[in-house]
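One letter stands for each residue in the lines below.
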Amino acid sequence: MPRRRTSKSATARRDQDLVDPEWVAKLSDRSLEEARGAVEEAQKDTPFVRTIDLAHQQAGRDFYAQIRAPFELYALVRLLRPKHVVEAGVSSGVSSAYFLKALNQNHFGTLHSIDLPTRQKGATFREKEDSPVALPPGKSSGWAVPPHLRAGWDLRIGPSQELLPSLVSELDQVDLFLHDSLHTFEHATFEFTTVDPKMPSHGVLLADNTAWLGGALDRFAASKGVRALYRRGMDLGGFRKP
Ligand SMILES: C[S@@+](CC[C@H](N)C(=O)[O-])C[C@H]1O[C@@H](n2cnc3c(N)ncnc32)[C@H](O)[C@@H]1O
């Protein structure tokens with residue numbers, strides 16, 4: 001019998017479903033039970049999960065390079081109750097959607113996002129030429145974020161090299177930061193050192209695709225006297241600032 005081909009989106013979906021509440025518990029310094037509850041709150045909202053999936057399908061994408069831990073991001077915001085969440089790297093907006101959903105549920109806090117969009121070259125997506133985060137024609141950064149979550153979202157378009165320092169200077173604190181933009185050692189280190197002065201003790205710093213960062217997260221965590229913790233031992237990592 002011929003084997004059914006597993007699509008990339010199905011692989012991403014399975015990875016998304018294999019959640020790591022222990023990682024959430026450690027980063028938020030809450031019990032495993034509380035972390036499980038917060039992760040499940042996001043998982044159980046299947047209409048929301050479907051809405052985000054559908055937006056991607058309608059834009060003609062079988063695969064989109066998005067965060068694979070949206071439920072954990074949601075849970076962290078629910079448990080930490082941050083005043084300011086900052087993320088660099090939006091693309092279609094999966095991480096943004098889950099941050100916004102959790103802030104909305106908290107009735108507290110603001111998401112500030114920065115994105116320098118990558119655009120699809122032609123009318124149709126070509127795997128060999130286009131970046132997996134390229135915006136489909138006519139779409140702008142964060143296009144998959146449901147409209148009801150957009151009010152109050154501080155979304156800034158441009159390079160984080162230029163926009164992050166000014167954004168951070170406007171904020172009294174950065175309680176949660178996610179690096180998911182240009183994945184190089186230099187750039188990630190630039191973003192970490194830019195947000196750090198405004199990150200209070202117990203703030204949480206996260207980075208995706210750490211395998212491409214040349215140890216930037218581990219090195220930055222060590223400079224704060226802690227070790228980075230990795231979701232399911234893979235490449236989304238973070239630490240809680242002492
Ligand atoms: C991996 S995607 C972000 C995925 C998103 N966090 C999600 O969960 O859907 C990375 C995004 O960062 C953008 N980017 C690349 N370099 C950047 C830079 N220097 N400043 C800001 N954004 C950048 C890319 O164009 C892309 O939109």
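In case you missed it, the structure is sitting above this.
Fair warning: this is a prediction, and the values are worked out from it, not measured in the lab. (Residues numbered from 1 in each chain as written. Predicted model: local features only at pLDDT ≥ 70, side-chain atom pairs only at ≥ 80, totals over all residues. Heavy atoms only, no water.)

Counting its regular elements, the protein contains 9 helices and 7 strands. In summary, the protein has a C-alpha radius of gyration of 17 Å against a globular reference of 18 Å for 242 residues, a match within 12%. The buried share among the 242 residues of the protein stands at 49%. Within the protein, residue pairs in contact and separated by at least 24 positions form 73% of the contacts whose partners lie at least 6 positions apart. Accessible area for the protein stands at about 11800 Å²; split by element, carbon and sulfur atoms hold 52% of it. (Helix = DSSP H or I, 4+ residues; strand = E, 2+ residues; numbered from the N terminus. Rg over C-alpha atoms; globule rule 2.2 N^0.38 Å. Buried < 20%, exposed > 50% of the residue type's maximum accessible area, 1.4 Å probe, protein only. Contact = heavy atoms within 4.5 Å. Areas by Shrake-Rupley, 256 points an atom, 1.4 Å probe, with all protein chains shown as cover.)

With that out of the way, let us pick up the site of the ligand. Near the ligand there are 22 residues, and of these Ser95, Asp115, Leu116, Thr118 and Asp180 occur at the shortest range. At a separation of 3.5 Å, an oxygen atom of the ligand approaches a polar backbone atom of Val90. Broken down by secondary-structure element, the contributors of at least two residues to the shell around the ligand are α6 (94-106) and α7 (160-170). Classifying every residue of the shell around the ligand gives 9 nonpolar, 11 polar and 2 charged. (Near = heavy atom within 4 Å. Polar contact = N/O pair within 3.5 Å; in protein donor to acceptor, adjacent residues only side chain to side chain. Nonpolar A, V, L, I, M, F, W, Y, C, P; charged D, E, K, R; others polar.)

Counted according to the given criterion, the structure contains 4 aromatic pairs. Relative to Tyr98, the ring of Phe48 lies with its centre 5.1 Å away and its plane at 90°, an arrangement referred to as edge-to-face. With a gap of 50 residues between them, Phe48 in helix α4 (residues 46-58) and Tyr98 in helix α6 connect regions that are remote in the sequence. Exposure class is identical for Phe48 and Tyr98. Each is buried. Ring centres of Phe71 and Tyr98 lie 5.8 Å apart, and the angle between their planes is 80°; this geometry places the pair in the edge-to-face category. Here Phe71 is found in helix α5 (residues 70-80), whereas its partner Tyr98 is found in helix α6, with 27 residues between them in sequence. Site record: aromatic cluster; members linked through ring pairs are Phe48, Phe71 and Tyr98. Against the face of Phe48 rests Lys101, its NZ or CZ located 4.6 Å from the ring centre. (Phe/Tyr/Trp six-rings, centres within 6.5 Å; stacked < 30°, edge-to-face > 60°. Lys NZ or Arg CZ within 6 Å of the ring centre and 35° of its normal.)

This part is about the packing of α5 against α6. Where α5 meets α6, the closest approach of the two axes is 8 Å, and the angle between their N-to-C directions is 30°. With respect to their mutual orientation, α5 and α6 come out roughly parallel. You can see that α5 and α6 cross each other, and the crossing is right-handed. Contacts from Pro70, Phe71, Leu73, Tyr74, Val77 and Arg78 of α5 reach α6 at Val94, Ser95, Tyr98, Phe99, Lys101, Ala102, Leu103, Gln105 and Asn106. (Axes fitted to C-alpha atoms, helices over the stretch in contact; angles between N-to-C directions. Parallel < 35°, antiparallel > 145°, perpendicular 65-115°, else oblique. Left-handed = near helix turned anticlockwise from the far one by under 90°.)

What follows is about helix α8 (residues 185-195). For α8, every residue scored as buried is listed here: His187, Ala188, Glu191, Phe192, Thr194 and Val195. Seen from one end, α8 has its buried residues packed into an arc of 165°, which puts them on one side. On its buried side, α8 packs onto β1 (84-88), α7, β4 (176-179), β5 (204-207) and α9 (216-223). (Arc of directions from axis to C-beta.)

So, about unusual backbone geometry. One non-glycine residue, His107, lies in the positive phi region at around 55°. Relative to the helices and strands, His107 is located in the loop between α6 and β2 (110-115).

As summarised here, the arrangement of the 7 strands in space is β3-β2-β1-β4-β5-β7-β6, forming an open sheet in which the pairing is mixed. Pairing within the sheet leaves two strands with one partner each, and these edge strands are β3 (154-157) and β6 (229-230). Where β4 lies against β5, 4 bridges are found, and the strand directions are parallel. Within the sheet, the bridge partner assigned to His179 lies in β5 and is Ala207. (Pairing = 2+ DSSP bridges.)

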